[in-house]
Amino acid sequence: SSDYNLMTSFSIYMAKIIKIKVKERKLRDYHGYAYPERKDKLIEINSRLSDRTYLGTLIHEILHILYPEESETRIDINASTITHYVLKKGTWSKK
């Protein structure tokens with residue numbers, strides 16, 4: 001029902017946000033890297049990536065922060081799925 005959807009949306013909106021520091025750098029050999037063990041939950045992401053690849057990499061690395069014990073395969077599948085639906089809803093830009 002619409003009441004349930006409204007309540008679910010409100011619950012998601014009110015959920016606590018996990019703070020993650022995202023640092024852009026010119027990385028040579030990889031798109032990004034997550035450091036879930038650090039107190040500041042750092043993600044380094046390659047500043048040279050296209051918008052689409054940047055978004056996919058950012059989502060991938062956020063999932064590593066949120067689920068550090070998850071397999072790389074599961075992270076890849078989830079990141080690809082989320083990226084697909086975000087882009088399906090419209091364009092996205094890192095700018």
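First, a word on scope: everything that follows refers to the structure included in this document. (Residues numbered from 1 in each chain as written. Predicted model: local features only at pLDDT ≥ 70, side-chain atom pairs only at ≥ 80, totals over all residues. Heavy atoms only, no water.)

Moving on, we come to the side chain of E44. Note that E44 resides in strand β3 (residues 42-46). Since its relative accessible area comes to 7%, E44 is described here as buried. A polar contact is formed between the side chain of E44 and the side chain of Y35, at a distance of 3.2 Å. (Helix = DSSP H or I, 4+ residues; strand = E, 2+ residues; numbered from the N terminus. Buried < 20%, exposed > 50% of the residue type's maximum accessible area, 1.4 Å probe, protein only. Polar contact = N/O pair within 3.5 Å; in protein donor to acceptor, adjacent residues only side chain to side chain.)

Turning to the packing of helix α2 (residues 51-66) against helix α3 (residues 72-88), a few remarks are in order. Between α2 and α3, the shortest axis-to-axis distance is 9 Å and the interhelical angle comes to 135°. The angle between α2 and α3 places the two elements in the oblique class. In the crossing of α2 with α3, the sense of the turn from one axis to the other is right-handed. For the pair α2 and α3, contact is made by R52, L55, G56, I59, H60, L63 and H64 and by E72, I75, D76, N78, A79, I82, T83, V86 and L87, respectively. Here the residues of the contact of α2 with α3 sort into eight nonpolar, five polar and three charged. (Axes fitted to C-alpha atoms, helices over the stretch in contact; angles between N-to-C directions. Parallel < 35°, antiparallel > 145°, perpendicular 65-115°, else oblique. Left-handed = near helix turned anticlockwise from the far one by under 90°. Contact = heavy atoms within 4.5 Å. Nonpolar A, V, L, I, M, F, W, Y, C, P; charged D, E, K, R; others polar.)

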